[in-house]
Amino acid sequence: MNCDEALKLYAQNIYDIGEQADQIRKNFFGIKVFFNSNAHLNPTNQCVDICKFCGFSAHQKNPNPYTMSKEEALSRIEEYVNKGALEVHIVGAHNPQCNLEWYCDLFKSIKKLYPTLHIKALTAAEVNYLAQESQKSYQEVLEQMIESGVDSMPGGGAEIFDADIRRKICKGKVDSPTWLAIHRYWHKLGKKSNCTMLFGHIENRIHRIEHLLQLRDLQDEYHGFNAFIPLVYQRENNFLKVKTFPTGQEILKTIALSRIILKNIPHIKAYWATLGINLAMVAQEFGADDLDGTLQKESIQSASGSNSSKGITKNALIFQIKNAGFIPVERDTLYNEIQTY
Ligand code: V47
């Protein structure tokens, strides 16, 4: 599919595009809905970059800077593991105090204490920052992450690949070719990652389609992406002046389009923290097959207005999934099935 064909598909009514996406989703996974028992750790919010959409990093609108010590980070992880986390998703701000050495030391300590805990860590934006900060190549940073115990990479930092939009919303952050190159090299090393798209701000449908097509083309090379996560822009507490927001229909159509274009990426994640649990459940009938997980503590989306700061219990996820007529499947980070409810 090319950009023009995708634009025509986008223009179809929500039921037609939803039906096509749902068919693909059903062929792949029937009526299973995946989730995991995970936790987020954000060791610092002090950032040398300013992304206009971000309410998480410390700035005038969010004046509460913090940087955890290694001990503090480990004690949070102990708490998360005791509450059932099988995966820890570690991302933070671009902060010279938390340099490559600091992160690698943390990863090694986590693995020593919890050898089976899956470490999903560092966005390509952070990898790029740590490479610049340590005067190493991104290849070296990625290799060092693996040596230190990182199992997979999250999909953050992709935002929208279009250079003009990127300049307006996150000037100075990793550029798109480098974001893609970092994931390419990670996949080449035999590792898995996810990919995202931040939408519903100043971009248009063409920007979204071009973003999806670039992800599709990269995926054809090594098949290293497990999941695509369309992140709906949360509007509070940041510097991006957005006047109109996507309707629920536009959000569902975007998720459906993702499922149709990204047939080579196994999972489409309707991240409940940006969609809210109700729309995330409806999205399961529009191409999505995953909700992400329990989170325990969520600081990025909730800093910009979403109702996700305290995570959600496993029982609540199971209840919601069953209530919507689907089969809840707890998975690990790499989508091995752990238990069906
Ligand atoms: O890269 C920042 C986004 C991302 C806002 O890989 C915002 O499994 C909405 O990438 N409104 C981080 N989004 C989160 C992320 C993620 C989440 C869950 C699972 C996975 C995965 C990855 O959050 C950032 C940025 O795109 N973000 N500010 C905002 N105002």
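Look above for the structure.
Conventions used here
Residues numbered from 1 in each chain as written. Predicted model: local features only at pLDDT ≥ 70, side-chain atom pairs only at ≥ 80, totals over all residues. Heavy atoms only, no water. Near = heavy atom within 4 Å. Polar contact = N/O pair within 3.5 Å; in protein donor to acceptor, adjacent residues only side chain to side chain. Areas by Shrake-Rupley, 256 points an atom, 1.4 Å probe, with all protein chains shown as cover. 1 Å grid on protein atoms, 1.4 Å probe; cavity = no way out; pocket = protein on both sides within 12 Å on 5 of 7 lines; lining within 4 Å. Sits in = over half its atoms within 2 Å of the grid points. Helix = DSSP H or I, 4+ residues; strand = E, 2+ residues; numbered from the N terminus. Points joined across faces, edges and corners; volume = space filled by probe spheres on them. Nonpolar A, V, L, I, M, F, W, Y, C, P; charged D, E, K, R; others polar. Axes fitted to C-alpha atoms, helices over the stretch in contact; angles between N-to-C directions. Parallel < 35°, antiparallel > 145°, perpendicular 65-115°, else oblique. Left-handed = near helix turned anticlockwise from the far one by under 90°. Contact = heavy atoms within 4.5 Å. Buried < 20%, exposed > 50% of the residue type's maximum accessible area, 1.4 Å probe, protein only. Arc of directions from axis to C-beta. Phe/Tyr/Trp six-rings, centres within 6.5 Å; stacked < 30°, edge-to-face > 60°.

Asks: For this particular structure, what's the right way to read the site of the ligand?
Replies: Inspection of the region around the ligand gives 24 residues, with Lys120, Gly157, Glu159, Gln234 and Lys269 positioned closest. In this structure, asparagine 194 approaches the ligand through a side-chain N or O atom, which is 2.9 Å from an oxygen atom. Taken by itself the ligand offers 610 Å² of open surface, and the protein chains cover 96% of this. With respect to the detected pockets, the ligand is housed in the largest cavity. Mapped onto the shell around the ligand, the elements with two or more residues apiece are strand S6 (192–199) and strand S7 (225–232).

Asks: Quick question: what am I supposed to make of the layout of surface pockets here?
Replies: If you roll a probe as big as a water molecule over the atoms, it shows you where there is empty space left. Here the largest pocket defines a volume of roughly 260 Å³. Taken together, 19 residues form the lining of the largest pocket, with Phe56, Asn64, Tyr66, Lys297 and Ser299 sitting closest to its centre. Mapped by element, the contributors of at least two residues to the lining of the largest pocket are strand S2 (38–41) and helix H3 (70–82). Residue contributions to the lining of the largest pocket peak at three residues, all from H3. Residues of the lining of the largest pocket, tallied by class, amount to six nonpolar, nine polar and four charged. The wall of the second largest pocket is formed by Ser37, Lys83, Gly84, Thr294, Gln296, Lys310, Gly311, Ile312, Thr313 and Lys314. Split into classes, the residues belonging to the lining of the second largest pocket amount to one nonpolar, six polar and three charged.

Asks: Is there a simple way to explain the packing of helix H1 (residues 3–11) against helix H10 (residues 248–261) in this structure?
Replies: Relative orientation and spacing of two packed helices are given, respectively, by the angle between their axes and the distance between those axes. Where H1 meets H10, the closest approach of the two axes is 10 Å, and the angle between their N-to-C directions is 140°. In terms of orientation, H1 lies oblique with respect to H10. Remark: the crossing between H1 and H10 carries right-handed chirality. Between H1, through Ala6, Leu9, Tyr10 and Ala11, and H10, the contact on the second element is made entirely by Glu250, Lys253, Thr254, Leu257, Ile260 and Ile261.

Asks: Honestly, helix H7 (residues 163–170) in this entry has me stumped. Any pointers?
Replies: In an α-helix, one turn spans 3.6 residues, which is why side chains three or four residues apart end up on the same side. Regarding H7, the residues found buried are Ile165, Arg166, Ile169 and Cys170. Along the long axis of H7, the arc covered by the buried residues comes to 100°, so they all point the same way. For H7, the side-chain oxygen to backbone nitrogen distance between the N-cap and aspartate 164 is 3.0 Å, and the N-cap itself is aspartate 162. A positive backbone phi angle near 95° is found at glycine 172, which sits one or two residues after H7.

Asks: Even after reading the chapter, I still don't get the packing of aromatic side chains, so can you show me in this structure?
Replies: Given two aromatic rings, one states the distance between the centres and the angle between the planes to describe the pair. Scanning the entire structure with this criterion turns up ten aromatic pairs. When the centroid spacing of 6.0 Å and the interplanar angle of 80° are considered together, the rings of phenylalanine 34 and tyrosine 335 count as edge-to-face. With phenylalanine 34 in strand S1 (residues 32–36) and tyrosine 335 in the loop between strand S10 (327–331) and strand S11 (337–340), this pair connects stretches of sequence that are 301 residues apart. The class for phenylalanine 34 is buried, based on a relative accessible area of 3%. Put simply, the rings of Phe28, Phe29, Phe34 and Tyr335 touch in pairs and so form one group of aromatic residues.

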